[in-house]
Amino acid sequence: MYEPKTKETDSSVIEFIEGVDSVKKREDAYALVDIFTEVTGYEAKMWGPSIIGFGKYHYKYASGHEGDAPLVGFSPRKAKISLYFAPGDPQRETLLENFGKHTTGKACVYINKLSDIDVTILKELIGQSVAFLRATYPE
């Protein structure tokens, strides 16, 4: 049976952010906690050792693989800040067109710093991602 590596923990979000080397990334991380909390209404929780997640949903794929994941989240990594949105959301690409300086992966959007992006669009991405996951994986 597959055991997901990234699970919700009781670790302190504040302690994790305080451990981030870059002062600028720490400042951005605190601002992101405020933004994600405001949009989702969920408290920040640590997922695994380095992801700050908001809310959660239970997924189950046709293959039988299932687990829990945060609805949205981010991680202030050494190189870039990783933003986690819903994989497969068709609205994501449209919203990213005017987002600002970023790169993308399968489920991640990578930014260097918060000032590189449009925070209004970030809030739309967060809200859209939560709505998409709630519709795709109803409780």
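Before reading further, recall that the structure is shown in the block above.
A. Structural view of the overall build of the chain. If you tally the helices and strands in the chain, you get four helices and eight strands. If you list the helices and strands of the chain from N to C, you get α-α-β-β-β-β-β-β-α-β-β-α. Relative to the globule expectation of 14 Å for 139 residues, the C-alpha radius of gyration of the chain, 14 Å, shows essentially globular dimensions. Judged by the C-alpha coordinates and their principal axes, the chain covers about 40 × 35 × 25 Å.

B. Focus on the side chain of Arg-26. Topologically, Arg-26 is positioned in helix α2 (residues 23-40). It is Glu-18 that comes nearest to the buried, bridge-free Arg-26 among opposite-charge side chains, at 4.4 Å. Leave out the neighbours within four places in its chain, and Arg-26 touches Ile-17, Glu-18, Val-20 and Asp-21.

C. Broad picture of the pairing of strand β8 (residues 108-111). Note: strand β6 (residues 81-84) against β8, four bridges, orientation antiparallel. Note that in β8 the partner of Tyr-84 across the bridge is Cys-108. Note: strand β7 (residues 103-104) against β8, two bridges, orientation antiparallel. Along β8, the bridge assignment pairs Thr-104 with Val-109. Two successive antiparallel strands, β7 and β8, enclose a turn made up of three residues.

D. Seen up close, the packing of aromatic side chains. For the coordinates displayed, the defined rule picks out five aromatic pairs. Cluster of aromatic residues (ring-pair linked, three or more members): Phe-36, Phe-54 and Phe-74.

E. Seen up close, the sheet that holds strand β2 (residues 51-54). The sheet built from six strands is open, its strands ordered β1-β2-β5-β6-β8-β7 with antiparallel pairing. Every interior strand has two partners, whereas the edge strands, β1 (44-47) and β7, have only one. In this sheet, β2 lies alongside β1 in antiparallel orientation, the contact comprising four bridges. Paired with Ala-44 across the strands is Phe-54, a residue of β2.

F. Representation of the packing of α2 against helix α4 (residues 119-136) within the structure. Interaxial distance between α2 and α4 falls to 9 Å at its minimum, and their mutual angle equals 50°. When the axes of α2 and α4 are compared, the pair comes out oblique. Taken as a pair, α2 and α4 cross one another with a handedness that is right-handed. Contacts between α2 and α4 involve Leu-32, Ile-35, Phe-36, Glu-38, Val-39 and Thr-40 on the former and, on the latter, Val-119, Leu-122, Lys-123, Ile-126, Gly-127 and Val-130. Residues that form the contact of α2 with α4 fall into these classes: eight nonpolar, two polar and two charged.

The rules behind the values
Residues numbered from 1 in each chain as written. Predicted model: local features only at pLDDT ≥ 70, side-chain atom pairs only at ≥ 80, totals over all residues. Heavy atoms only, no water. Helix = DSSP H or I, 4+ residues; strand = E, 2+ residues; numbered from the N terminus. Rg over C-alpha atoms; globule rule 2.2 N^0.38 Å. Buried < 20%, exposed > 50% of the residue type's maximum accessible area, 1.4 Å probe, protein only. Lys, Arg positive; Asp, Glu negative; His and termini not counted. Salt bridge = Lys/Arg side-chain N within 4 Å of Asp/Glu carboxyl O. Contact = heavy atoms within 4.5 Å. Pairing = 2+ DSSP bridges. Phe/Tyr/Trp six-rings, centres within 6.5 Å; stacked < 30°, edge-to-face > 60°. Axes fitted to C-alpha atoms, helices over the stretch in contact; angles between N-to-C directions. Parallel < 35°, antiparallel > 145°, perpendicular 65-115°, else oblique. Left-handed = near helix turned anticlockwise from the far one by under 90°. Nonpolar A, V, L, I, M, F, W, Y, C, P; charged D, E, K, R; others polar.

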